[in-house]
Amino acid sequence: MQSQMTVTRFFKMKQKGEKIVALTAYDYSSAKIADESGVHMILVGDSLGMVIQGESSTLPVTMDEMIYHTRIVAGVAKNAMVIGDMPFMSYQPGLKVAIENAGRFLKETYASAVKLEGGATVRETIKALTEAGIPVQAHIGLTPQSVHMMGGYKVQRDEERLLSDARQVESAGAFSVVLEGIPSEIAEKITKALTIPTIGIGAGPHCDGQILVFHDMLGFNEGHLPKFVKQYARLGEAARAGIRQYAEEVCSGKFPAPEHCY
Ligand code: KIV
């Protein structure tokens, strides 16, 4: 990648049939690794509520926490576009609140876009934000901030509604849309129907790009994982083994050795 990714470059990638690689990151080290490894889009996701804060959902995450993490990530990324995820209740109360909070991502961090969840219901919000000059990534299908309305983290199968949501976020001005927890055939239809790129997570291979959560795909998260996660490394296991050996060597006096001493 020659320079930082932009909204226009994502449109061109879709037109040329080039796949978009997206990944979440939340801190300096993960962002640097992602940015230097060919990731086009880094989402500072509110999934940090679960993988960083250990909460059972994304709902408790605050705007200030999102700003803190997004500033760190966006300060490192030189190639990927950085997107700040708008947390629960940072845009739902009304357009003014949404514009003020979305604006914070662009003013207080170096992020160049925001993401928010919802289809037809957030149409006016997406329109207001894009009119204010803030690029918006939409997120439809399984939307974790509505976990209680959906009755759990469930695959969404209402094709008519999903297609309508996708068309509405596109016409409202979103520059891309995350499709989460949607059968592959529906995601394929949506991808073909839209001119903006679709980024899938649990939405099959036909999306214009894919996104995964950093901790899930690298194996830090050793508990139950959704079916759509592929683990490309087992860093949790490697870290445990390394720390166990460190503990043994400290206790036995093997560490530090002469080469570690001044
Ligand atoms: O919060 C997040 O990380 C997300 C992605 C999984 C799309 O919304």
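This text follows the structure it describes.
This text gives an overview of the structure that appears in the document.

**Some details on unusual backbone geometry**
- Put simply, phenylalanine 255 and proline 256 share a cis peptide bond, and its omega is 0°.
- Inspection of the secondary structure assignment puts proline 256 in the segment after helix 11 (235-252).

**Description of the sheet that holds strand 8 (residues 209-212)**
- Taken together, eight strands build a closed barrel; the order of strands is 1-2-3-4-5-6-7-8 and the barrel is parallel. Between one strand axis and the next, the sheet turns by 25° as a mean value, whatever way the strands run.
- Bridging between strand 4 (residues 113-117) and strand 5 (residues 136-141) involves four bridges; their strand directions are parallel. When the sheet's bridge partners are listed, lysine 115 is paired in strand 5 with glutamine 137.

**Thoughts on helix 4 (residues 63-76)**
- With 14 residues, helix 4 should cover 20 Å at 1.5 Å per step; its first-to-last C-alpha distance of 20 Å lies within 8% of that length.
- Elements in contact with the buried residues of helix 4: helix 2 (28-35), strand 2 (41-44), helix 3 (48-51), strand 3 (81-85) and helix 5 (95-108).

**Brief notes about the nonpolar core**
- Ile42, Ile126, Leu129, Leu179 and Ile190 are the most contacted members of the largest nonpolar core, which has 55 residues in total.
- Considering every element that reaches this core, the biggest residue donor is helix 4, with six residues.
- Among residues more than four places away in sequence, those in contact with isoleucine 190 are Ile140, Leu162, Leu163, Ala166, Leu179 and Thr198.
- In this structure, Met13, Leu43, Phe175 and Ile211 belong to the second largest nonpolar core, which totals 15 residues.

**Remarks on the packing of helix 5 against helix 6 (residues 123-131)**
- Remark: helix 5 packs on helix 6, axes separated minimally by 10 Å, with the N-to-C direction vectors making an angle of 45°. Between helix 5 and helix 6, the angle is such that the two are oblique. Note on packing geometry: the crossing formed by helix 5 with helix 6 is right-handed. For the pair helix 5 and helix 6, contact is made by Leu95, Ala98, Ile99 and Ala102 and by Glu124, Thr125, Ala128 and Leu129, respectively.
- Looking at side-chain class alone, the contact of helix 5 with helix 6 contains six nonpolar, one polar and one charged residues.

**Re the pattern of salt bridges**
- On inspection of all chains with the given rule, the structure shows 12 salt bridges.
- Of the charged contacts in the structure, one is a salt bridge between glutamate 124 and arginine 123, with a shortest N-O distance of 3.9 Å.
- The closest approach of N and O atoms between lysine 189 and glutamate 159, which form a salt bridge, is 2.9 Å. Pair noted here: lysine 189 is in helix 9 (residues 184-193) and glutamate 159 is in helix 8 (residues 159-172), with a separation of 30 residues, a long-range link.
- The exposure class assigned to lysine 189 is partly exposed, which follows from its relative accessible area of 42%.
- Relative accessible area serves as the criterion here: at 29%, glutamate 159 is assigned to the partly exposed category.
- One salt-bridge network, held together by shared partners, links Asp64, Arg104 and Glu108.

Thresholds, definitions, all that
- Residues numbered from 1 in each chain as written.
- Predicted model: local features only at pLDDT ≥ 70, side-chain atom pairs only at ≥ 80, totals over all residues.
- Heavy atoms only, no water.
- Helix = DSSP H or I, 4+ residues; strand = E, 2+ residues; numbered from the N terminus.
- Pairing = 2+ DSSP bridges.
- Axes fitted to C-alpha atoms, helices over the stretch in contact; angles between N-to-C directions.
- Expected span 1.5 Å × (residues − 1).
- Contact = heavy atoms within 4.5 Å.
- Core = buried A, V, L, I, M, F, W, Y, C linked by side-chain atoms within 4.5 Å.
- Buried < 20%, exposed > 50% of the residue type's maximum accessible area, 1.4 Å probe, protein only.
- Parallel < 35°, antiparallel > 145°, perpendicular 65-115°, else oblique.
- Left-handed = near helix turned anticlockwise from the far one by under 90°.
- Nonpolar A, V, L, I, M, F, W, Y, C, P; charged D, E, K, R; others polar.
- Salt bridge = Lys/Arg side-chain N within 4 Å of Asp/Glu carboxyl O.

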